[in-house]
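Here's the letter readout for the chains.
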Amino acid sequence: MQQLATVWNALTPRRRAVALGATLAMVLAVFGLARVASAPPMSLLYAGLENGAAGEVVEALESRGIPFEVRAGAIFVPDAQRDALRMTLASEGLPANSTQGYELLDTLSGFGTTSQMFDAAYWRAKEGELARTIVASPLIVSARVHIANSSANPFQRDVTPSASISVTATGAAITPAQARALKYLVASAVPGLVPEEVAVIDSVAGLIGSEDEPGSGPSAEDRALALRDRVQRLMEARVGAGNAVVEVSVDTVTESESIRERRFDPEGRVAISTDTEEESNSDQNSGSPNVTVASNLPDGQAGGNQSSSSQSSDTRERVNYEVSETLREITRVPGAVRRLTVAVLVNGRFETAADGTQTFVPLPDTELAALRDLVASAVGFDEARGDQITLRSLPFERPEGLGTGPIEPGWFSMPLDPMTLIQLGVLAGVALILGLFVVRPILAGKGTPAPLALPGAEPAAEALSGEIEDDDGFAPLPSLGSGPDFGGLGMVDFDSPTEEDPVDRLRALIEERKTETVEILRSWLDEKEEAK
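Values in this document were obtained by computation on a predicted structure and should not be read as measured data.

Rules and cut-offs
- Residues numbered from 1 in each chain as written.
- Predicted model: local features only at pLDDT ≥ 70, side-chain atom pairs only at ≥ 80, totals over all residues.
- Heavy atoms only, no water.
- Helix = DSSP H or I, 4+ residues; strand = E, 2+ residues; numbered from the N terminus.
- Buried < 20%, exposed > 50% of the residue type's maximum accessible area, 1.4 Å probe, protein only.
- Contact = heavy atoms within 4.5 Å.
- Areas by Shrake-Rupley, 256 points an atom, 1.4 Å probe, with all protein chains shown as cover.
- pLDDT = per-residue confidence, 0-100.
- Pairing = 2+ DSSP bridges.
- Axes fitted to C-alpha atoms, helices over the stretch in contact; angles between N-to-C directions.
- Parallel < 35°, antiparallel > 145°, perpendicular 65-115°, else oblique.
- Left-handed = near helix turned anticlockwise from the far one by under 90°.
- Nonpolar A, V, L, I, M, F, W, Y, C, P; charged D, E, K, R; others polar.
- Phe/Tyr/Trp six-rings, centres within 6.5 Å; stacked < 30°, edge-to-face > 60°.
- Lys NZ or Arg CZ within 6 Å of the ring centre and 35° of its normal.

1. Considering the overall build of the chain
Thinking step 1. A count of helices and strands for the chain gives 12 helices and 14 strands.
Thinking step 2. By residue count, 19% of the 532 residues in the chain fall in the buried class.
Thinking step 3. Sequence-distant contacts in the chain: of pairs separated by 6 or more residues, those separated by 24 or more amount to 71%.
Thinking step 4. When the accessible area of the chain is evaluated, it comes to approximately 38300 Å², of which 55% is carbon and sulfur surface.

2. Some words on the confidence of the model for the chain
Thinking step 1. Across the chain, the average pLDDT comes to 74, with 69% of residues at 70 or higher.
Thinking step 2. Contacts for the low-pLDDT stretch residues 401-415, under 50 throughout, to residues beyond four places or in other chains number 9 contacts.
Thinking step 3. Considering only residues more than four positions removed or in separate chains, one finds that residues 446-498, a stretch of pLDDT under 50, has 27 contacts.

3. A look at the sheet that holds strand E7 (residues 206-208)
Within a sheet, adjacent strands bond to each other through the backbone by hydrogen bonds, running parallel or antiparallel.
Thinking step 1. Read from one edge of the open sheet, 4 strands run E4-E5-E6-E7, paired in mixed fashion. Since the sheet does not close on itself, it has two edges, and those belong to strand E4 (140-148) and E7, each with one partner. Strand-to-strand twist in this sheet, taken as the mean axis angle between neighbours without regard to direction, amounts to 25 degrees.
Thinking step 2. Pairing of E4 with strand E5 (residues 162-169), which is carried by 8 bridges, proceeds in the antiparallel orientation. From the neighbouring strand, His 146 faces E5, where its bridge partner is Ser 164.
Thinking step 3. Helix H5 (residues 115-135) rests against E4 and E5 of the sheet, and its axis sits at about 150 degrees to E4.
Thinking step 4. Packed on one face of the sheet, helix H6 (residues 176-189) meets E5, strand E6 (198-202) and E7 and runs near 135 degrees to E6.

4. Concerning the packing of H5 against H6
A packed helix pair is summarised by two numbers, namely the angle formed by the two axes and the spacing between the axes.
Thinking step 1. At their nearest, the axes of H5 and H6 sit 11 Å apart, and the two run at 150 degrees to each other. The orientation of H5 with respect to H6, classified from their angle, is roughly antiparallel. Judged by the twist between their axes, the crossing of H5 over H6 is right-handed. The residues of H6 that touch H5, namely those facing Lys 126, Leu 130, Thr 133 and Ile 134, are Leu 182, Leu 185, Val 186 and Ala 189.
Thinking step 2. Its residues assigned to classes, the contact of H5 with H6 shows 6 nonpolar, 1 polar and 1 charged.

5. Looking at the packing of aromatic side chains
Thinking step 1. Applying the stated criterion across every chain, the model contains 2 aromatic pairs.
Thinking step 2. Summarising the aromatic geometry, the rings of Tyr 122 and Trp 123 are spaced 5.4 Å apart at their centres and angled 75 degrees between planes, so their arrangement reads as edge-to-face.
Thinking step 3. Residue classification places Tyr 122 among the partly exposed residues on the basis of a relative accessible area of 29%.
Thinking step 4. Both rings, one in Phe 350 and one in Phe 360, keep their centres 5.4 Å apart while their planes meet at 65 degrees; by these two values the pair is edge-to-face. Of the two residues, Phe 350 sits in strand E12 (residues 349-352) while Phe 360 sits in strand E13 (residues 358-361), which places them 10 residues apart along the sequence.
Thinking step 5. Taking the relative accessible area as the measure of exposure, Phe 350 reaches 17% and is therefore buried.
Thinking step 6. Seen from the ring of Phe 76, Arg 71 lies directly overhead, with NZ or CZ sitting 4.3 Å from the centre.

This is the structure:
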C-alpha cells in the first residue's frame, strides 16, 4: 500500500486524471461484461400476433415479473421458462385467437336477419373453425381460410366450390405432403368441394403442391438426396466418417402417358352357350278297301286291306363361341425412375516404409465387391433398366499431406456465437485500455524527465536528479578553498564532526555545478505551478 501511495504521489495531475478515467472505464466495461454474461439466453415465445393479443401476453408477463424482449413484433423470454410460460398462458386462454368460429351464429337473432346475412355469417364461421383447426398444429403459426361457395345463386349450374388456404409456418415452408393434408381437411368440411380445387399458399414458399398430381411421388432431386444419404451412412459405417464420397443421379420420366390396348386371341375360343334341338316324326297310313257289291253286303268281304307307316328323327345342336379379348389401360405419370447412376469414392490406407515415406494402398477387390453389393441393395439396382454403379478406391487429397490422422481441433475451430465474440471483444478492449492508459502511464511516471540544456550551456558530465545520496555515492570533492565566514556572526557549531559536513559538501557541489542546479530548481518550480 505504501508503494502504491508512493507511485501515486509521483504522478503528475494529468497522469492522475488519465489513470482515474482509465480505471473508471475498466470498471464499467467489466460491469457491462458481467451483466451480459449473467443475462439468460432469450428464445422466441410468440410471433406474428395481432396488437391486441400481443398486448395481453406482454401484460401477463409483466404481472408475473418475467423479463422479456420485443423484437420486430416477436416476444422473447428466457429459454428456461419458455415452455412453462406457453402452457401457463394457454391455460389462461392467451394468446387470444381473434379468429371467431361458430360463436358468430350466436349473435344472430331471428328478427332483422335475412337469408343472405345468415349465409355470410355461416361461411365466415366455417372459415374461422377451419383456421382454428389448422393453427392447432405446432407447425403452423397463423392461418386464414377463404371459401368461394356458389350456393347464393341457385340458378347457376355445374359450378363447384373452391377454397384457398394461407398459412405461415413456424420454421421452413410446409412440405407438399402437409399441403395435401390441408387440402383434404378443407375439402372434407365443405360439401361438394374436391381437394384439387383447394389452393395452399405459404408465406415463404408461395403456392405449395400446384404441380403435384395424384399418384406422383417426390422429385428426382429428393430421391437422389435420400439415396445418397442412405449409401453415405452405409459406407461410413465401414470405412469411417470422412473417408467416403457418394453421388447419386436419378433420371426420371418427365412426361405423362396413357395407353389403352385391346387384344383378341382367336385360339382362345370359349363356348358361352349351347342350344340342342331334337325333332322326331312318326306317320302311319292304313289303306281303305275298294267299294264293291260285296263290300256293301252285310256279310260280304271287303276288297283288299292295305296299310303303310313311316317314322323320321332330326337332331340339331347350336354352340355359341366367344373369342378371347384382353383390354388393358395403363396411365403413366411423371416421376418413374428411368435410370439410376451411383458413384462412390472411398479412401484406402497408407503404409509407412522404413525410410519414412508413405505409400497409398487401395482397398482389396474382395472388399470393393462386397461394398458394391451393399450399394446395389441399398439403391434398388436394376441392370435391365440400365442402372450403373461405379465404386473406386483412391487417395483423398489432404492439406497436411498423405497422413490420415485426424486434425486436432484448434482454438479457432471452436464454434463461437455472436454473443461470445462480443464478450471476447469487450475483454480485449478492457485489456487494451488497462495496458495503454493505466499501466503504461504509471510505469512511465516513475522517474522525472531529464532537464533540458540551456542554449549555449556546456553539457554536464552527469545530470543531477535532485536527490541527496549517501556518503558513498559522492566522489571525493576538493576541500573548499574559501567560503563564507560565519564566525563573526556569533554562531556556535555544536557537535562538530570530525569529518566533513554533508551540507558543506552540497554547497560545494552547487557552487561547482551551477548550470545543473538552476535546471533542477526550474523543474521543481514547474511542478509546483502545475500542482496549483
